[in-house]
Amino acid sequence: LKAWKSHRDEYLDKLHRLEGRGDAAHLHSCPKCGVRPGKIRCEDCFGEELLCETCCVHTHQSNPLHVVKRWNGRSFERCTLKQLGLRVQLGHVNSTCPCPRKGNVDFTIIHTNGVHSVAVDFCGCEDQNPGSMRQQLLRRRWFPGTVTEPQTCCTFACLKQFHTLTLQSKVSGYDYYRALECLADNTGINPPPERLKTFMRIVRQWRHLRMLKRAGIRYDGRPIAETLPGELAVLCPACPQVGINLPLGWEDAPADQAYLHTLFLTLDANFRLKNKMVSSDATDPGLHTGWAYFVEHSEYKKHILKFANQKDISTCSGLAALAMANTKYSKGYRATGVGSAVCRHQVVQRCGVGDLQKGERYCNMDYVLFSSMTFHSVKTVMFSYDIACQWTKNLHKRIEDLPPPLREAASRPGVETKTAIPKFHENGHGPDCKDDYSLNYIEGVGRFEGEQVERNWAMINPVATSTKEMGPGSRRDTLDDHWGGWNFDRLKGIGLSLWKKLKHAVPELKSQKEALQKLEAVINKGDLTKWKKMVKDWELNKKKENPYRLPKTGMTEADIRLQLAGEDAQAAEDASEVGDAPKTRAAFLVMGIDLEDAQ
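What counts, and where the lines are drawn
- Residues numbered from 1 in each chain as written.
- Predicted model: local features only at pLDDT ≥ 70, side-chain atom pairs only at ≥ 80, totals over all residues.
- Heavy atoms only, no water.
- Pairing = 2+ DSSP bridges.
- Helix = DSSP H or I, 4+ residues; strand = E, 2+ residues; numbered from the N terminus.
- Axes fitted to C-alpha atoms, helices over the stretch in contact; angles between N-to-C directions.
- Core = buried A, V, L, I, M, F, W, Y, C linked by side-chain atoms within 4.5 Å.
- Buried < 20%, exposed > 50% of the residue type's maximum accessible area, 1.4 Å probe, protein only.
- Contact = heavy atoms within 4.5 Å.
- pLDDT = per-residue confidence, 0-100.
- Phe/Tyr/Trp six-rings, centres within 6.5 Å; stacked < 30°, edge-to-face > 60°.
- Lys NZ or Arg CZ within 6 Å of the ring centre and 35° of its normal.
- 1 Å grid on protein atoms, 1.4 Å probe; cavity = no way out; pocket = protein on both sides within 12 Å on 5 of 7 lines; lining within 4 Å.
- Points joined across faces, edges and corners; volume = space filled by probe spheres on them.
- Salt bridge = Lys/Arg side-chain N within 4 Å of Asp/Glu carboxyl O.

J.: Would you take a moment to explain the sheet that holds strand β1 (residues 40–42) for this structure?
T.: The strands making up a sheet associate through hydrogen bonds between their backbones, and the pairing can be parallel or antiparallel. Ordered by their spatial adjacency, three strands build an open sheet running β1-β2-β3, and the pairing between neighbours is antiparallel. For this open sheet the edge positions go to β1 and β3 (76–79), each flanked by a neighbour on one side alone. In this sheet, neighbouring strand axes are inclined to one another by 35° on average, regardless of whether the strands run parallel or antiparallel. Relative to strand β2 (residues 68–71), β1 runs antiparallel, the two sharing three bridges. Each residue of the ladder has a partner; that of C42, found in β2, is V68.

As structure tokens, then:
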């Protein structure tokens, strides 16, 4: 930047120069025909040449959406190819139509460089079967705004650009379209026709079709209506999938290798993804609800209505305030958030997302989790949930209330399930919760921390500002699309991610083994044998004493604070203190404890 700063006058002069005719100023005729004067410059073509109107129209027969400007003797002014006489013929390749059908006089096309008014001629040849108006437009890579007599189109290039931008940066359709309007006329004096609603409708249809296309729908001849639940979801390539990536005989693997075939799922609720009571499912149904990540809505709604008065209050004091906050603001909202199931590789599970109506209730979270489990048939499953200590209570009883397919998935014979609290959330729980649900004490989980679903929220939360105001179907379609993009990013990067983890894990394993061997070498063999047996017995029966928990040998911090508070009260009775600074021994000790916590 420092080197460029000394040349900025030169750069600015070139920008000013491009506002005029530049090198074409000394030319008096069109460089194409050499007869008529050159007055038209194309902003999207390479070079500065000025063409006459006739040559400009002929040159742009294959590029009718370029931006052109006309020299008026003093400056360039915006004009359109339509004003220059360009007409776009559909239904024919490099030929004219003997019986063209003129399109609407206000035919508008939305492109990456603005909103354009274009003169369009449809093919009317009955003997060549050119197809309907929408078919002729689609063959030209123009997406029609309506199925009959379309008057507005959006180019495939524009839709691809917006789709990529919104998945990457979470830009809304409203902001993107307003930017296109500014490209067309940034002064607001001659704004293009208002086509925002049409653009948003086309975008929704485009998203739906892209999900269908990427899932291979229609390649086998099946109609779209026969798409199966979860079929549009992008799957995790690393999680165990029977018939896909599990070796033959995996069911008979020895106990010390069972962890290789374990499915890890993390469960959580998000209260940013709210949805106001706008529109309804009748007027705004989802195009593919139940085919990707959201659960099928009608069955889910029937199940939730059975538990309209169900309340979830955490038994952990550290989570009670959070539970209250989650259910406080629900008036005027169709959904107060979503619950989601995510694998250890941060891939959102198919049919593993559901709306929350009021807080984080058992009926919602149970349905979401076991809906995703209907697609898995492994023998060992590890669940991670920040309120696992209360969620597991009466779980078997609640499973009986689930719909048959989910109940079957939740109680499949021969399947071992383990439940844990994510490591970051563990400190919000008491010692008893840590004994039963700490990932540090569960065999076969490695360094799995259970917080994968939280990273998914960081990605999807910026979408909440736009989906909050959407109708129910449009919101579910939009969120499904963003989760599909997220899963695809995980799919692209999982090879490099696993390689980096393996590169770190191999030397770390060697280091940990050496440290363990050195430690065991200095421990009495009798004590070592006794301690290992204690650990093994506790792992088989968690009701026994936890060998990892330190015994209480003295006063806790809470006991010390209570005693010091009593000493302060006694000191206050004996003598008055001056100023706000702590003067007693007890006050100094408490301040020291607070400073240590802050550090």
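Now that the structure has been shown, the text picks up again.
J.: Please explain the nonpolar core as it appears in this structure.
T.: Within soluble globular proteins, side chains that are nonpolar generally end up buried alongside one another. Among the nonpolar cores identified, the biggest contains 43 residues, and L369, F370, M373, F383 and W391 are the most heavily contacted of them. In terms of residue count, the dominant contributor to this core is helix α10 (residues 362–373) (eight residues). Ignoring anything within four residues of it in the chain, the contact list for F383 reads L265, L369, F370, M373, W391, T417, K418, T419 and A420. Counting residues in each nonpolar core, the second largest holds 23 residues, with L212, L273, A292 and V463 among its members.

J.: Can you walk me through the confidence of the model for the protein chain in this structure?
T.: Any region with low pLDDT has predicted coordinates that should not be read closely. Mean pLDDT over the protein chain works out to 89, with 93% of the residues at or above the 70 mark. The secondary-structure element of the protein chain with the lowest mean pLDDT is helix α9 (residues 317–328), recorded at 53, while strand β9 (residues 142–144) shows the highest, at 97. Under a pLDDT of 50 for its full length, residues 577–582 has, in the predicted model, six contacts with residues more than four places off or in other chains.

J.: What is the right way to look at the sheet that holds strand β5 (residues 100–102) in this model?
T.: With mixed pairing, the three strands of this open sheet are ordered in space as β4-β8-β5. Unpaired on one side and paired on the other, β4 (87–89) and β5 mark the two borders of the sheet. Within this sheet the neighbouring strands show an average axis-to-axis angle of 30°, counted without direction.

J.: Explanation requested: the packing of aromatic side chains in the structure shown.
T.: Any pair of aromatic rings gets described here by the distance separating the centres and the angle formed by the planes. By the definition in use, this model includes 20 aromatic pairs. Considering the side-chain rings of W71 and F76, the 5.0 Å spacing of their centres and the 65° angle between planes classify their relative orientation as edge-to-face. Of the two residues, W71 and F76, neither departs from the other in class, the shared state being buried. Stacked on the ring of F264, the Lys or Arg R344 has its end atom at 4.1 Å from the ring centre. Seen from the ring of W538, K542 lies directly overhead, with NZ or CZ sitting 4.6 Å from the centre.

J.: Looking at this model, I keep getting lost on empty space enclosed by the protein. Mind explaining?
T.: Which parts of space are left empty comes out when a probe the size of a water molecule is rolled across the atoms. According to the stated counting rule, one finds five cavities of 30 Å³ or more in the structure shown. In this structure, the largest cavity spans a volume of roughly 60 Å³. Around the largest cavity sit V234, L235, C236, C239, Q241, V347, V348, Q349, R350 and H376, which together line it.

J.: Please clarify how the side chain of H208 should be interpreted in this entry.
T.: Structurally, H208 is set in helix α7 (residues 196–214). The residues touching H208, leaving out its near neighbours within four places in the chain, are L287, H288 and W291.

J.: Even after reading the chapter, I still don't get the pattern of salt bridges, so can you show me in this structure?
T.: Pairing of side chains with opposite charge becomes possible as their charged atoms draw close. Scanning all chains against the criterion turns up 22 salt bridges. The closest approach of N and O atoms between E231 and R222, which form a salt bridge, is 2.5 Å. Two residues, R398 and D366, come together in a salt bridge whose shortest N-O distance is 2.6 Å. Note that R398 is positioned in helix α12 (residues 395–399) and D366 in helix α10, a separation of 32 residues in sequence. D366 shares its class with R398; the two are buried. Through salt bridges with shared partners, a single ionic network connects R17, D23 and E48.

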